2 protein chains.
Amino acid sequence: MDRAGRSPCSLLGLDTLSRGARIFGMSKPARLGLLGLGTVGSGLVEIVRKNAASIEKRSGVRLEIVRALVKSPGKARPLPLEQVVLDAESIFNDPGIDIVVEVMGGIEPAKGYILRALEAGKSVVTANKAVLAAHGAEIFQKAKDTGKQLGFEASVCGGIPIIRALSSGMIANEVDELVGILNGTSNYILTRMYKDKLSFEEALRLAQVNGLAEADPTFDVEGIDAAHKLIVLTELTFQTKATLDDLEREGITQIEPVDIKVADEFGFVIKPVAVARRQGDALDLRVHPALVPFEHPLGPVSDEFNAVMVKGDATGEMIFHGKGAGSLPTASAVMSDIIEIARNPSSGVMWNPTKSRRVNHLEGRSRYYLRFPIHDRSGLIGKIATVLGNYGISITHALARLNNGTGNVMIVTHETSETEVCRALAEITAAGVLSGEPLSLRILE
Amino acid sequence: MDRAGRSPCSLLGLDTLSRGARIFGMSKPARLGLLGLGTVGSGLVEIVRKNAASIEKRSGVRLEIVRALVKSPGKARPLPLEQVVLDAESIFNDPGIDIVVEVMGGIEPAKGYILRALEAGKSVVTANKAVLAAHGAEIFQKAKDTGKQLGFEASVCGGIPIIRALSSGMIANEVDELVGILNGTSNYILTRMYKDKLSFEEALRLAQVNGLAEADPTFDVEGIDAAHKLIVLTELTFQTKATLDDLEREGITQIEPVDIKVADEFGFVIKPVAVARRQGDALDLRVHPALVPFEHPLGPVSDEFNAVMVKGDATGEMIFHGKGAGSLPTASAVMSDIIEIARNPSSGVMWNPTKSRRVNHLEGRSRYYLRFPIHDRSGLIGKIATVLGNYGISITHALARLNNGTGNVMIVTHETSETEVCRALAEITAAGVLSGEPLSLRILE
């Protein structure tokens, strides 16, 4: 009860509806213990406040936020004080809580709390891609051993229901390929560089000002967040346990306005892509910026939006496109798991981590965009083209943009491999003919 | 047993895996009785043949096609003869069948069979949008009364898991708007008119040759099929029972190459769209071709692909894009329901048809593209513009394309309503200044 003697249910507006539903025995309860009350936790409180009655009507599940764990006392909270606690055990030990919702992020204590909640007989819903990427096998084994459920829809691409699309909607398919834009921060930065003609640094500052990038943006701009999400999708789709070391990973920090401009002239936009492609039992796993044709399904995916394109052997290509982050989109995905668990207590994503295979690398081949910063000197283009030719790299387009004696040579190649490109670029760099680091970007087709 | 003494399970390659699973008690059975063995039914047989083992591993459900009902004896079938029957009761009465799969299409006898199967204690999966659009309320009431489940993922947009996306993935949202491309035949025709520069008749013939249009294409090109799907989505999303009479509906047969070309010059593609938009308790429901900006999320949705864009109050815009028809995509969606029902026998889409409201019309406003066929005479553009002005319709672009004394006047308007447009066009037509029927197409923004 709060000071006015009102129960938490009436504060959330559920009072009358709950009593009615309980009398007629129609609704299933979902009594929630939140771990964390930050961005996503506040979004959950907001959704319950605004939509709980409608959700109960449409799903038959009656939502109640019982209690929330926070780290710091004294801050303003969207729940009454008596529902805000500093002690996690009061959530794990409470028989009046059905589902524990982990929305605190980070590896510890989140991992320990998830395992403890499952051991205490609670099902768990999490939005935490970092902990699943590093410890998914152990966590899913614990869920299997305890017979409880683990929902993780919100861990990949926020509001987009990609996990249930892969594990339920496309269950009849063998999936050979996933290509996506999995990180909203880097997509926003590249979109603003394109649409507003900004440098990387200017676009990053704009993202930070708009709450779309952290003060330390490393996880986002270096592709680590996208890599975590790709690891979760790879385990779900290919039953293969991958780690960060198994992926080729490159961030977006080296991209310059001239790359955006020349890509556009050639009919491409630059997007931060993630690829998981199977051939036999080998996997091609990578996260990197790429040139994407205007008319590609991922072409219009802009700003903080994410998308996943899945190729199933029965469905063909399927694309899911929506907001991949943010308080309400992520809370929406968390809530979809809560409703599903409350409606089907005995179901669960069939994830048998002990059967996961190690990654057997497949090196992907593609066309490349290459940029070489140079001082204007005769013979340079010939030298660059000759070295490329020595590695079997054929050129389809070459462009020199020079101003006052310095500039860039841009080259578009035929299909080749990352190995050949790296070797060629190393040799060209070692020849001392460049005025700066060369850049190579794959072309997605 | 077939002549070689092999059981149906071994014919489908499930023998060893089934025995193993039965010994360890791990898998749940899904023993299927198919009603129909045509395009979609054959797709189901193909999926079971190719992917049943993998599906069992990933989902814990063991698939078995027990029997299939056909209309005509003597045709070649993808199942052994002893599994093909002419008598539906042998499916409804068999305790060895768990789920009845209705993939015959049409209103009767499909409707009667669905009701009979539910009464006989079977859960039902259907791909039939026509029967749900006309009789959904009665069918879902029967499912509710018998406590059995009804899966209908395949009834809207084939392989795209839109039903589970709306009823599960986005359950936490209030949805205000759905905009989609729901019919692959008309999207293919308009795409080919655009990309191959064909007339409507030429593109329709191409579609028929490629198996993407029926000999009688009326349901597809007149928007009836899309309207059925919109009705199913409207009931699910807005709990509102709509009929064909509640929708504004227009087909694609009046579109000419000049419309495709001028739209392109203005930065649009013409797509067959379906809209369900809520404002308060009023609904704007319509199916019609529209000018879609290149960069709109629906812009790249081409050929036989479908897409649905949903606006949720927590997720914001979400787009689902994939193959909306065809044997394997539709069978994939049917299979997703089968797996879901087998895993969760007590769950079901919460659809309470007695609560459905009647449609309270909302007239949508938009910008329009108008085309007026004329003989070249001075003063005509002035006359047309004056009449439009009398109905409060402002002009943003006007274009006359004339050749040897005949041609068209194309006009793009500011925002107006269908009522004003219809009245203005009627007056202009009645004035006797046109050489043919005028065309009006909304602009989607």
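Bear in mind that the values here come from a model prediction, so they are computed numbers and not experimental data.

1. A word on the domain arrangement of chain A
Residue and element names in this part refer to chain A. Looking at chain A, the domain boundaries give domain 1 (8-151), domain 2 (162-324 + 352-360) and domain 3 (365-443). Facing the 8 residues of domain 1 at the interface are 11 residues of domain 2. Summed over both sides, the interface between domain 1 and domain 2 buries roughly 740 Å², with carbon and sulfur atoms accounting for 69% of that surface. Together, K129, A133 and A137 form the three largest contributors to the area buried by domain 1 at its contact with domain 2, with a combined 57%.

2. Quick look at the side chain of R371 of chain A
Residue and element names in this part refer to chain A. Note that R371 resides in strand β13 (residues 365-375). The class of R371 is buried, set by a relative accessible area of 4%. Of note is the side chain of R371, whose polar atom sits 3.2 Å from the side chain of N408. Setting aside anything within four residues of it in sequence, one finds R371 in contact with Q254, E256, V258, D259, N408, V409, M410, P438 and L439.

3. Side note on unusual backbone geometry
The omega torsion across E108 of chain A and P109 of chain A is 5°, close enough to zero to call that bond cis. Residue placement: P109 of chain A occurs in the loop between β4 (99-102) and α5 (110-119). Non-glycine residue C157 of chain B carries a positive phi angle of around 60°. Following the sequence through the fold, C157 of chain B ends up in the loop between β6 (150-151) and α7 (162-169). The buried category is assigned to C157 of chain B, whose relative accessible area is 1%. Even without a glycine there, the phi angle at N404 of chain B is positive, about 50°.

4. Some details on the pattern of salt bridges
Residue and element names in this part refer to chain B. For the structure shown, the criterion picks out 49 salt bridges over all chains. Across the salt bridge formed by E46 and R49, the nearest N and O atoms sit 2.8 Å from each other. One end of the pair, E46, and the other, R49, are both in helix α3 (residues 39-59), 3 residues apart, so they sit about a helical turn from each other.

5. Notes on the relation of the copies chain A and chain B
When chain A is fitted to chain B, the best match, at an RMSD of 0.0 Å, comes from turning it 180° and sliding it 0.0 Å along the axis. Taken together, the turn and the small shift mark the pair as related by a two-fold rotation axis. When C-alpha positions in chain A are compared against the rotation axis, the closest is assigned to F320 of chain A, at 2.4 Å.

6. Considering the nonpolar core
I162, V310 and F320 of chain A together with I162, V310 and F320 of chain B are the most contacted members of the largest nonpolar core, which totals 106 residues. Other than its neighbours up to four places away in sequence, F320 of chain B contacts P161, I319 and F320 of chain A together with I160, I162, A165, M170, N306, A307, V308 and V310 of chain B.

7. Observations concerning the sheet that holds strand β1 (residues 28-35) of chain B
All names here are of chain B. Taken together, 6 strands build an open sheet; the order of strands is β3-β2-β1-β4-β5-β6 and the sheet is parallel. Each having just a single partner strand, β3 (84-85) and β6 make up the two edges of the open sheet. Note that strand β5 (residues 123-126) and β6 share 2 bridges and pair parallel. By the bridge assignment, V124 is partnered in β6 with L150. Against the sheet, helix α5 (residues 110-119) makes contact with β1, β2 (61-69), β4 (99-102), β5 and β6, and its axis sits at roughly 150° relative to β5, the strand it touches most.

8. As for the pairing of β2 of chain B
Residues and elements named next belong to chain B. Counting buried positions along β2 gives 8 out of 9 residues, so the element sits mostly inside the fold. Pairing between β1 and β2: 8 bridges, direction parallel. Following the sheet pairing, A30 is matched in β2 by L63. The handedness of the β1 to β2 crossover, carried by α3, is right-handed. Judged from the 2 bridges that link them, β2 and β3 form a sheet pairing that is parallel. Note that in β3 the partner of L69 across the bridge is V85.

9. Some remarks on the environment of Q279 of chain B
Locating Q279 of chain B in the fold gives a position in strand β9 (residues 268-279). Spatially, the C-alpha atom of Q279 of chain B lies 9.9 Å from that of N360 of chain B, the residues being 81 residues apart in sequence.

10. A short note on helix α8 (residues 184-195) of chain A
Residues and elements named next belong to chain A. A rise of 1.5 Å per residue sets the reference length of α8, with its 12 residues, at 16 Å; its end C-alpha atoms lie 16 Å apart and thus fit the reference within 8%. Within α8, 10 of the 12 residues are buried, which leaves it mostly tucked inside the rest of the structure. G184, T185, S186, N187, Y188, I189, L190, T191, R192 and M193 are the residues of α8 that are buried. Looking at the buried residues of α8, the elements they touch are β7 (175-181), α9 (200-209), α10 (218-221), α12 (257-265), β9 (268-279) and β11 (305-312). Two or three places before T185, at the opening of α8, N183 has a side-chain oxygen 3.3 Å from that residue's backbone nitrogen. Downstream of α8 by a residue or two, K197 has a phi angle that is positive, lying close to 55°.

Definitions and limits used
Residues numbered from 1 in each chain as written. Chains lettered and ligands numbered in written order. Predicted model: local features only at pLDDT ≥ 70, side-chain atom pairs only at ≥ 80, totals over all residues. Heavy atoms only, no water. Domains from an automatic or database assignment. Contact = heavy atoms within 4.5 Å. Buried area = accessible area lost by both parts, 1.4 Å probe. Helix = DSSP H or I, 4+ residues; strand = E, 2+ residues; numbered from the N terminus. Buried < 20%, exposed > 50% of the residue type's maximum accessible area, 1.4 Å probe, protein only. Polar contact = N/O pair within 3.5 Å; in protein donor to acceptor, adjacent residues only side chain to side chain. Salt bridge = Lys/Arg side-chain N within 4 Å of Asp/Glu carboxyl O. Least-squares fit on C-alpha atoms with pLDDT ≥ 70 in both. Core = buried A, V, L, I, M, F, W, Y, C linked by side-chain atoms within 4.5 Å. Pairing = 2+ DSSP bridges. Axes fitted to C-alpha atoms, helices over the stretch in contact; angles between N-to-C directions. Right-handed = clockwise from strand over helix to strand, strands pointing away. Expected span 1.5 Å × (residues − 1).

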